[in-house]
Amino acid sequence: MVHFPLFIDLHHQPVLVVGGGPVAFRKVKKLLPYGPRIAVTAPEICPELEEIPGVVFRTRRFRLGDLRPQPALVLAATDDPAQNRRIAALCRRRTIPVNVADDPAHCTFLFPALVRQGNFSAGISTGGASPTAAAFYKNELQALLPGNLEGILAWLEDQRPLVKARVPADRRSAVFHRLFERSAEKGRPLPPKEVETCLDESKFSTGRVDLVGAGSGKADLITLRGLRLLQRCQAVVYDDLIDPALLESVPESAQRIYVGKRAGKHAMAQEKINQLLIDLANQGLQVVRLKGGDPYLFGRGGEEMLALKAAGIDCREVPGIPSALGIPAEAGIPVTHRGVSRGVHIVTAHTSDTPDGLPEDMDTLAQLSGTLVFLMGLGQLPKIVARLLAAGKSGDTPAAVLSGGNAPHPARVRAKLADLAEAVQAAGVEAPAIILVGEAAALDVE
């Protein structure tokens, strides 16, 4: 069972612990920093538990009256499983949250592996499947935290009234982000002069836009730099066919804006996307423009970069694995291969500059050696085949149509060039897909 992580205020709230042994001791120790009023009921209390100040001890067996007045939480931690389950049943009937030691099936809440530094609290749970795994990731998380996080968080809390008084609402998020980043990097609160610098920057500076290539498949194909930018951004503007797992890396507070395009269906015109990026940056935000494949390979990333630079926005490109290389690789086709293909030519098969919508240099392309890769061309496939054959490309040339990565309808069709359009139609391949023509299309190195 998967449990929803929920943080509750236990300050001065009554908590009942039934049991007086080492398990009860460990649970009480976990609860103490959160300020509850703890009562322990058990015939015998272990010495370590008795030494904890502020706890009320009832040296007797559990009674039904112990649930009146109703406690905020109950922890059943006796050495008698039947007694623990009886207590759990009583709590369930009264809708009192109950935790049963070493018995997740009878718990209505679980104790997580806790990481705490001041106001920072994180709970890690595996639903009772593996406390060892929870403890392992607790240690991993602790190692990632700045040593003085407690002091930094207390200082950041003190800065909130100042920022709200000095910074317009639409720029506060960027200022809070900047204060946290700089203090976490230094491992200490910032001196007043540096705080003033951050506040002054909010008046004049814009944010930044990073054009990030997500790669042509699963989330782990993104570069480390691209992932780090996603994890720290304040807004993400993303395309179609992005692995949803990447969006889970985005901070919860960040804006998520979908602008995808597919087969003539555009969520937003390119000019409006350009302006959206400019507007977000002018709010002082750190923006990631997340694109499938590589931003500069038929991704219109160059247009967005020029528009941002013309508006005076700080921007940069983070490459990704393009579909022209990644999708064939996924199918076991290396687009270049010693003795088979000494070059690769990547071409758009969709243009408004010619009467038939195909590149004007199709005759030249037909004479090239190596591998031809046509993007955005599935609807033009019969025309592409006809033009290549008419220009002298052999009908026996190996070819393939591939739909992969995060495409909704994966497909792989291999055929001779002359038979390709018919084979693809028979297979019912749907866009998006790429077209390969050349001897490499016959390879399968999977």
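Refer to the preceding data block for the structure.
Residues numbered from 1 in each chain as written. Predicted model: local features only at pLDDT ≥ 70, side-chain atom pairs only at ≥ 80, totals over all residues. Heavy atoms only, no water.

**Student:** What's the story with the overall build of the protein chain in this structure? I'm lost.
**Tutor:** When its secondary structure is counted, the protein chain shows 15 helices and 19 strands. A compact globule built from 446 residues should have a C-alpha radius of gyration of about 22 Å, whereas the protein chain, at 31 Å, is more than 25% larger. Projecting the C-alpha coordinates of the protein chain onto the three principal axes gives extents of approximately 95 × 55 × 35 Å. Across the 446 residues that make up the protein chain, the buried fraction comes to 44%. Put simply, the protein chain shows about 23300 Å² of open surface, and 53% of that area lies on carbon and sulfur atoms. Between the mean site of the 51 positive side-chain charges and the mean site of the 48 negative ones, the protein chain shows a separation of 7 Å. (Helix = DSSP H or I, 4+ residues; strand = E, 2+ residues; numbered from the N terminus. Rg over C-alpha atoms; globule rule 2.2 N^0.38 Å. Buried < 20%, exposed > 50% of the residue type's maximum accessible area, 1.4 Å probe, protein only. Areas by Shrake-Rupley, 256 points an atom, 1.4 Å probe, with all protein chains shown as cover. Lys, Arg positive; Asp, Glu negative; His and termini not counted. Charge placed at Lys NZ, Arg CZ, Asp CG, Glu CD.)

**Student:** Sorry if this is basic, but what is going on with unusual backbone geometry here?
**Tutor:** Where the residue is not glycine, phi is negative for most of them; where a peptide bond is considered, it is trans in most cases. The linkage connecting R68 with the following residue, P69, adopts the cis geometry, with an omega of -10°. In this fold, P69 is placed in the loop between β3 (56–58) and β4 (73–76). Following A431, the chain continues into P432 via a peptide bond in cis, with omega recorded as 0°. Checked against the element boundaries, P432 lands in the loop between α15 (420–427) and β19 (434–437). With a phi close to 55°, D102 is a non-glycine residue in the positive phi region. Looking at the element boundaries, D102 is found in the loop between β5 (98–100) and β6 (113–117). With a relative accessible area of 78%, D102 lands in the exposed category.

**Student:** Any chance you could explain the packing of helix α10 (residues 270–282) against helix α11 (residues 301–310) here in plain terms?
**Tutor:** Angle between the axes and distance between the axes are the two parameters that describe a pair of packed helices. Remark: α10 packs on α11, axes separated minimally by 9 Å, with the N-to-C direction vectors making an angle of 45°. Taken as axis vectors, α10 and α11 run oblique relative to one another. The crossing of α10 and α11 is right-handed. Only E303, E304, A307 and L308 of α11 make contact with α10, whose side of the interface consists of Q270, I273, N274, L277 and I278. Split into classes, the residues belonging to the contact of α10 with α11 amount to five nonpolar, two polar and two charged. (Axes fitted to C-alpha atoms, helices over the stretch in contact; angles between N-to-C directions. Parallel < 35°, antiparallel > 145°, perpendicular 65-115°, else oblique. Left-handed = near helix turned anticlockwise from the far one by under 90°. Contact = heavy atoms within 4.5 Å. Nonpolar A, V, L, I, M, F, W, Y, C, P; charged D, E, K, R; others polar.)

**Student:** Explain the sheet that holds β4 to me, please; I cannot follow it from the model alone.
**Tutor:** Hydrogen bonding along the main chain pairs the strands of a sheet, whether they run parallel or antiparallel. Strand order across the open sheet formed by five strands is β3-β2-β1-β4-β5, with parallel pairing between neighbours. Both outer strands of the open sheet, β3 and β5, are each paired with one neighbouring strand and no more. Here the average twist between neighbouring strands, direction ignored, is 15°. Where β4 meets β5, three bridges bridge the pair, whose relative direction is parallel. Bridging across to β5, A76 finds its partner in V100. (Pairing = 2+ DSSP bridges.)

**Student:** For this particular structure, what's the right way to read α11?
**Tutor:** Working note: α-helix, 3.6 residues per turn, so residues spaced by three or four point in the same direction. When we look at burial in α11, the residues that qualify are G301, E304, M305, A307 and L308. What you see down the axis of α11 is that its buried residues fit within an arc of 165°, all on one side. Among the exposed residues of α11, those oriented more than 90 degrees off its buried face are L306, K309 and A310. Packed against the buried residues of α11 are β8 (208–213), α10, β13 (286–291) and β14 (314–318). Once α11 ends, the next one or two residues include G312, with phi positive near 80°. (Arc of directions from axis to C-beta.)

**Student:** Mind showing me how you'd approach a nonpolar patch on the surface here?
**Tutor:** A surface patch of nonpolar side chains, amounting to about 390 Å² of accessible area, comprises F4, L6 and I8. For I8, the location among the structural elements is in the segment before β1 (14–18). (Patch = residues over 30% accessible without salt bridge, like charges linked within 9 Å, V, L, I, M, F, W, Y side chains within 5 Å. Salt bridge = Lys/Arg side-chain N within 4 Å of Asp/Glu carboxyl O.)

**Student:** How should the sheet that holds strand β9 (residues 235–238) be read in this particular structure?
**Tutor:** The five strands are arranged β10-β9-β13-β8-β14 in an open sheet whose pairing can be described as parallel. Where the open sheet ends on each side, the last strands, each with one partner, are β10 (255–258) and β14. Going across the sheet, the axis of each strand differs from the next one's by a mean of 15°, ignoring polarity. Where β9 and β13 come together, four bridges link them in parallel fashion. Directly across from Y238, in β13, lies its bridge partner L290.

**Student:** Whenever I open this one, the pattern of salt bridges confuses me. Can you help?
**Tutor:** Think of it this way: side chains of opposite charge can pair up when their charged atoms draw near. For the structure on display, the rule yields 14 salt bridges. For R232, the salt bridge identified is with E181, shortest N-O distance 2.6 Å. With a gap of 51 residues between them, R232 in helix α8 (residues 224–232) and E181 in helix α6 (residues 169–186) connect regions that are remote in the sequence. Taking the relative accessible area as the measure of exposure, R232 reaches 47% and is therefore partly exposed. Residue E181 is classed as partly exposed on the basis of its relative accessible area of 26%. Between R208 and D210 there is a salt bridge; the shortest N-O distance is 3.1 Å. For D210, a relative accessible area of 2% puts it in the buried group. Sharing partners across several salt bridges, the network here consists of D239, R289, K291 and E304.

**Student:** Can you walk me through the packing of aromatic side chains in this structure?
**Tutor:** Each aromatic ring pair is summarised here by two numbers: the centre-to-centre distance and the angle between the ring planes. The final tally for this structure, using the stated rule, is three aromatic pairs. Taking the centre distance of 6.0 Å and the plane angle of 40° together, the rings of F109 and F111 count as tilted. An identical accessibility class is assigned to F109 and F111; each is buried. A cation over an aromatic ring shows up here: R116 above the ring of Y34, its NZ or CZ 5.2 Å from the ring centre. Over the ring of F176 we find R160, and its NZ or CZ is 4.5 Å from the ring centre. (Phe/Tyr/Trp six-rings, centres within 6.5 Å; stacked < 30°, edge-to-face > 60°. Lys NZ or Arg CZ within 6 Å of the ring centre and 35° of its normal.)

**Student:** Would you take a moment to explain a negative patch on the surface for this structure?
**Tutor:** Judged by side-chain charge, D353, E360, D361 and D363 come together as a negatively charged surface patch. Examined against the element boundaries, D363 turns out to sit in helix α13 (residues 362–367).

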